[in-house]
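Listed here are the chains, written in short residue letters.
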Amino acid sequence: MKHAHSNIEYYGSSSTTLLSSLNPFPECTTYSYLLECSLSLSASFSDTSMPILGSLSVLPTTKASTVIDRITEIEGVEERLSDAIRGCDANFKTQTPAVEKFLQRAEALFRELENALQNSSCRQGQSRSTGDADDPKPMVLPANFYSYVVSQLDLIGWDNIVSIDSRLTVIVLKTVDSSGRTHELRLELGEDFPNQAPICTSDLPIEFEIENWRPLSLHPENSDATSGVFMGNTSFELTSKKRSRPSVSAGLALVYEEFEAAVDSYQSLWNELDNIDANTCVLEPILPARRSIRERRIAIRASAGGISAVLSLDCKRPRTVPSSLRFVGATSEVSKLRSHFNEYVAGTLKCDDGLTLQWREDRTVRENLELCFGDIPSKNTADGGEFEIECGICYTNRLGEDGLLPDACCGNTCCARSYHETCLFEWLHSLPSARISFDRIFGTCPYCCEPISVKVKCARS
Ligand SMILES: [Zn+2]
Ligand SMILES: [Zn+2]
């Protein structure tokens, strides 16, 4: 077994050094219950090598009661220490008080670890008996699963780990992009990991998927073939700030690299969205928005009861004309803005001094919108409340968990009431006179009784 995590060092007198490793979470004893944890003692005498005098290992286990059974008591420390001393300089041999002190410290340290483990296993035993009804059979994983995962996390760098669950099967990693935005990747390691790829969850515009996963078995019979893969080339020192990682060819570290590359590919998209969020009045989504959301609903005109535009940016070429730009508000205003926008895109829009204006990709999306529509309300000048049109049926602005805005509008310009599509569908559905044709339901506006229709798919599921 290989234990190379040296996070705690105890320095004794000048002639003795007590090294211990208790890793990877020295201050958190609950982890020592689940992780292979070891404590080794070694004495260093002047220039001679440090013989390991004894070691204590706890293997991961699923039953709290068996933790302590698995502790291998350190035996024969004194004999082995004297063996070690035999080969050392004469100076040390005369220092019996120092040797005794060393042994006492070693003894105390082992007791301490043992107690810590006992306490943590008692606590876990209690929490297991009270809760966990939904999880009666904890997953049993091979011991080298933990060594493998820890070695992979060493490669990724401990600075980049946000959280790890107590079983070491759900790991949340993070990366900071070139503009200082933080992105997280959640990895779920299944029972067949690393033979099977972990399940990834992230907040990217296009779902992040692992491209290259090399199945790897951790079963003992394969260990000769695979040990090189998961133990080799692994540097065990604690990660210092932004240390450059060695190049990796497999495993979680490669997944992390692929994730970093994916994050990198969305830089221009997020720059455009951040620009819009900072300088316009964004009505939807509620800011700060999740990074996967490419849509924005922004205030365009405060007049006529508020007109807003809903646009979605292209992932790879965010500065192209948004393909799905639509306007929301009073129908007559909306059709005016729509033709105005179409002219701008076509390059036929003339401004006051006679020059024509056109959508150009060397401008940001916000600059294009401002050129097209003139001064659009900004975060500071517009009160989002002006655009908070209430639904004429439920009298609220945002509906449901998604916070949907009243999107449907009565076509009668004297009425121009707004409704949530779902509210309007339910209203029309309740009318005996309503009829459904293809995917729309037709009826009359609850206020002005003029004809109105809405898509059928807007029914509340
Ligand atoms: Zn409503
Ligand atoms: Zn109406």
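Residues numbered from 1 in each chain as written. Chains lettered and ligands numbered in written order. Predicted model: local features only at pLDDT ≥ 70, side-chain atom pairs only at ≥ 80, totals over all residues. Heavy atoms only, no water.

Caption draft 1: Summary view of the layout of surface pockets. Here the largest pocket defines a volume of roughly 670 Å³. Glu-284, Arg-326, Asp-402, Leu-404 and Leu-405 are, among the 25 residues lining the largest pocket, the residues nearest its centre. The set of elements that each furnish at least two residues to the lining of the largest pocket consists of strand 10 (295-301) and helix 12 (421-430). Here the residues of the lining of the largest pocket are counted per class, giving nine nonpolar, three polar and 13 charged. The residue makeup of the lining of the largest pocket includes at least three contributed by each of domain 3 (280-388) and domain 4 (391-461). (1 Å grid on protein atoms, 1.4 Å probe; cavity = no way out; pocket = protein on both sides within 12 Å on 5 of 7 lines; lining within 4 Å. Points joined across faces, edges and corners; volume = space filled by probe spheres on them. Helix = DSSP H or I, 4+ residues; strand = E, 2+ residues; numbered from the N terminus. Nonpolar A, V, L, I, M, F, W, Y, C, P; charged D, E, K, R; others polar. Domains from an automatic or database assignment.)

Caption draft 2: A look at the coordination of the zinc ion (ligand 1). Those protein atoms acting as donors to the zinc ion (ligand 1) are Cys-391 (SG), Cys-394 (SG), His-420 (ND1) and Cys-423 (SG), and they sit at 2.1 to 2.3 Å. The site at the zinc ion (ligand 1) holds four donor atoms, and with the angles between them running 95 to 120°, its shape is tetrahedral. Written as a sequence motif, the donor arrangement for the zinc ion (ligand 1) is C-x2-C-x25-H-x2-C. Taken together, the residues Cys-391 in the loop between helix 11 (365-373) and strand 15 (408-409) and Cys-423 in helix 12 connect sequence positions 32 residues apart. When its relative accessible area of 0% is taken as the criterion, Cys-391 is described as buried. For Cys-423, a relative accessible area of 5% corresponds to the buried category. (Donors = N, O, S within 2.8 Å, 3.2 Å for Na, K, Ca; no water. Tetrahedral: all angles 85-135°; square planar, octahedral: opposite > 155°, others 65-115°. Buried < 20%, exposed > 50% of the residue type's maximum accessible area, 1.4 Å probe, protein only.)

Caption draft 3: Inspection of the sheet that holds strand 17 (residues 435-437) at higher detail. Spatial strand order, 17-18-19: three strands in an open sheet with antiparallel pairing. Strands at the two margins of the open sheet, each flanked by one partner only, are strand 17 and strand 19 (451-455). The sheet shows a mean angle of 30° between the axes of neighbouring strands, taken without regard to direction. Pairing between strand 18 (residues 440-444) and strand 19: five bridges, direction antiparallel. By the bridge assignment for strand 19, Arg-440 is matched with Lys-455. Against the sheet, helix 12 engages strand 18 and strand 19, with an angle of about 120° to strand 19. (Pairing = 2+ DSSP bridges. Axes fitted to C-alpha atoms, helices over the stretch in contact; angles between N-to-C directions. Contact = heavy atoms within 4.5 Å.)

Caption draft 4: Here's a closer look at the packing of helix 10 (residues 331-346) against helix 11. Running from N to C, helix 10 and helix 11 cross one another at 120°; their axes reach a closest spacing of 10 Å. In this structure, helix 10 crosses over helix 11, and the sense of that crossing is right-handed. On helix 11, the residues touching Leu-337, His-340, Phe-341 and Tyr-344 of helix 10 are Asn-368, Leu-371, Cys-372 and Phe-373. Per-class residue counts for the contact of helix 10 with helix 11 are six nonpolar, two polar and no charged. (Left-handed = near helix turned anticlockwise from the far one by under 90°.)

Caption draft 5: How the structure looks around the coordination of the zinc ion (ligand 2). In the first shell of the zinc ion (ligand 2), the protein supplies Cys-410 (SG), Cys-415 (SG), Cys-445 (SG) and Cys-448 (SG), at 2.2 to 2.4 Å from the metal. Geometry at the zinc ion (ligand 2) is tetrahedral, judged from its four donor atoms and the angles of 101 to 116° they form at the metal. Counting residues between consecutive donors of the zinc ion (ligand 2) along the chain gives the motif C-x4-C-x29-C-x2-C. Of this pair, Cys-410 sits in the loop between strand 15 and strand 16 (418-419) while Cys-448 sits in the loop between strand 18 and strand 19; the two residues are 38 residues apart in sequence, bridging distant segments of the chain. Exposure remark for Cys-448: the relative accessible area of 23% places this residue in the partly exposed category.

Caption draft 6: Structural detail: the environment of Glu-367. Looking at where Glu-367 falls in the secondary structure, it is placed in helix 11. Sequence separation between Glu-367 and Ile-276 is 91 residues, and the spatial gap between their C-alpha atoms is 9.3 Å. Polar contacts involving the side chain of Glu-367 include one to the main-chain amide nitrogen of Thr-364, which spans 2.9 Å. (Polar contact = N/O pair within 3.5 Å; in protein donor to acceptor, adjacent residues only side chain to side chain.)

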